[in-house]
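Commentary on secondary and tertiary structure
Listed below are the residues making up each chain.
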Amino acid sequence: MINKLIAQTIPFFPKKFVWIFSKKYIAGETIEEAILASKQLNDKNIAVTIDLLGEFIKNIEEAKENKDNYLNIIEQFEANKVRGNYSLKPTSFGLLIDKEVCFNYIREIVAKAAEYNNFIRIDMEDSACVDLEIELYRRLKAEFPKNVGLVVQAYLRRTQSDLEKLMDIHTEETPLNYRLCKGIYVEPKEIAFKDPKKVNEAYLKNLEFLLTNKVFVGIATHDRKLVEGAYQIIKKNNIPKNQFEFQMLYGVTPELRKEILDNGYSMRVYVPYGKDWFGYSTRRLKENPKMASHIIKSLFVRG
Ligand SMILES: Cc1cc2nc3c(=O)[nH]c(=O)nc-3n(C[C@H](O)[C@H](O)[C@H](O)COP(=O)(O)OP(=O)(O)OC[C@H]3O[C@@H](n4cnc5c(N)ncnc54)[C@H](O)[C@@H]3O)c2cc1C
């Protein structure tokens, strides 16, 4: 209840005030700041995935602008030898306005990443986008088998079945590449598990299915129970270390992150940056008011 109230009122707080707590989770407004934050993570043996924050777009011209921005990001991060890849949200490229234009823009970005032997991760958005984003992945993977991956959300009841169907485009030479997360959007109970225990069960079921089928997985979670569940699956099935990595969000649970690294596993951090941090922070809060308690905590606990 309190979380919901805070989430609703935060958009009316002064921007400078909101930055005090948002800055923990956002690498900065400029590309230089994002490169610096990424290099600092690289120095700790952590790879990154870069995300340019964007608001909902209203027309296809804005999608072109986002595409041009991503092409520039790739050039600059590669020139600075950042150890990382790139994440993007298809709605920022017009997915819900014109899916063909969106496909062509994202194709251009994946082709640019492929020039550097690098990789683009398609973030998964709310349930209205799932079919379209799977279709996008299928098309792009056919042309760039090593340079594109998708996110899947364990909270969706359909996910296990989606994973099974998508095995038709998996080969040992060019394996499927997913980031597995719980899912951040508020979805109706008809299509998504609501009980946190059920979400965790689904997560570990999806994970075991993928790892035992030789699919590459970015194990994206800050939930200690899931990290421990993943360790068990990895040990039980003798999964080689080059078939997975752990992934976390910038600024979240750095202690658990360090423990995973100390255990000898690979880690990648999702680094969001950009001028749209205010809209992004407040929108995420409205989507998931539970985040308010993290934000309040970060007002008092620094570091
Ligand atoms: C690398 C990465 C990429 C992601 N990409 C997507 C995506 O494409 N689509 C999508 O729907 N979702 C995405 N997510 C979000 C994900 O779906 C979850 O909503 C989010 O990670 C919280 O779930 P959790 O597994 O960390 O477990 P939770 O049970 O939510 O969190 C476990 C603990 O982690 C801490 N924690 C978690 N989140 C935060 C936070 N923001 N601030 C402070 N502490 C926190 C808390 O201590 C909490 O108790 C991504 C997450 C990660 C890590």
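Our subject in this report is the structure included herewith. (Residues numbered from 1 in each chain as written. Predicted model: local features only at pLDDT ≥ 70, side-chain atom pairs only at ≥ 80, totals over all residues. Heavy atoms only, no water.)

All right, on to the overall build of the chain then. Summing up its helical and strand segments, the chain has 12 helices and 8 strands in all. Across the chain, every contact between residues at least 6 apart in sequence was considered, and the portion connecting residues at least 24 apart equals 76%. Taken as a whole, the chain presents about 14,900 Å² of accessible surface, with 55% of it coming from carbon and sulfur. (Helix = DSSP H or I, 4+ residues; strand = E, 2+ residues; numbered from the N terminus. Contact = heavy atoms within 4.5 Å. Areas by Shrake-Rupley, 256 points an atom, 1.4 Å probe, with all protein chains shown as cover.)

Let us now look at the packing of helix α4 (residues 60-79) against helix α5 (residues 99-115). Interaxial distance between α4 and α5 falls to 9 Å at its minimum, and their mutual angle equals 5°. Compared by their axis directions, α4 and α5 come out roughly parallel. In contact with Ile 60, Ala 63, Lys 64, Lys 67, Tyr 70, Leu 71, Ile 74 and Glu 75 of α4, α5 contributes Val 101, Tyr 105, Glu 108, Ile 109, Lys 112 and Ala 113. Of the residues contributing to the contact of α4 with α5, the split by class is 9 nonpolar, no polar and 5 charged. (Axes fitted to C-alpha atoms, helices over the stretch in contact; angles between N-to-C directions. Parallel < 35°, antiparallel > 145°, perpendicular 65-115°, else oblique. Nonpolar A, V, L, I, M, F, W, Y, C, P; charged D, E, K, R; others polar.)

We now examine the site of the ligand. Surveying the vicinity of the ligand reveals 23 residues, the closest of which are Met 124, Lys 182, Gly 183, Thr 221 and His 222. Contacts to the ligand include Arg 179, whose side-chain N or O atom sits 3.2 Å from a nitrogen atom. One of the side-chain nitrogen or oxygen atoms of His 222 is found 2.7 Å away from an oxygen atom of the ligand. Here the ligand loses 81% of its free accessible area of 930 Å² to cover by the protein chains. If you list the elements that add at least two residues to the shell around the ligand, you get β4 (148-153), β5 (177-181), β7 (244-249) and α12 (291-300). (Near = heavy atom within 4 Å. Polar contact = N/O pair within 3.5 Å; in protein donor to acceptor, adjacent residues only side chain to side chain.)

Before going further, it helps to examine the pattern of salt bridges. All told, the structure shown has 20 salt bridges when counted by the stated rule. The residue Glu 108 makes a salt bridge to Lys 67 at a minimum N-O spacing of 3.3 Å. Of this pair, Glu 108 sits in helix α5 while Lys 67 sits in helix α4; the two residues are 41 residues apart in sequence, bridging distant segments of the chain. The exposure class of Glu 108 is partly exposed, given its relative accessible area of 33%. The exposure class assigned to Lys 67 is buried, which follows from its relative accessible area of 6%. Here Lys 99 and Glu 135 are joined by a salt bridge, their closest N and O atoms 3.2 Å apart. A residue pair is termed long-range when its members are at least 10 positions apart, and Lys 99 in helix α5 and Glu 135 in helix α6 (residues 130-143) qualify at 36 residues. Given the relative accessible area of 30%, Glu 135 is considered partly exposed. One network of salt bridges, in which partners are shared, links Asp 51, Lys 89, Asp 123 and Arg 179. (Salt bridge = Lys/Arg side-chain N within 4 Å of Asp/Glu carboxyl O. Buried < 20%, exposed > 50% of the residue type's maximum accessible area, 1.4 Å probe, protein only.)

In this structure, Phe 77, Tyr 178, Ile 219, Phe 246 and Ile 260 are the most contacted members of the largest nonpolar core, which totals 86 residues. Aside from chain neighbours lying at most four places away, what touches Ile 260 is Val 227, Tyr 231, Phe 246, Met 248, Tyr 265 and Met 267. One finds Val 18, Ile 26, Leu 53 and Trp 277 within the second-largest nonpolar core, a separate group that totals 6 residues. (Core = buried A, V, L, I, M, F, W, Y, C linked by side-chain atoms within 4.5 Å.)

Here we come to helix α9 (residues 224-236). In a regular helix each residue adds 1.5 Å, so 13 residues correspond to 18 Å; α9 covers 18 Å between its end C-alpha atoms and thus fits that length. Where α9 is concerned, the buried positions are Leu 226, Val 227, Gly 229, Ala 230, Tyr 231, Ile 233 and Ile 234. The backbone nitrogen of Lys 225 has a side-chain oxygen 3.0 Å away, supplied by the residue at the start of α9, namely Asp 223. Positioned one or two residues after α9, Asn 238 has a phi angle of 55°, which is positive. (Expected span 1.5 Å × (residues − 1).)

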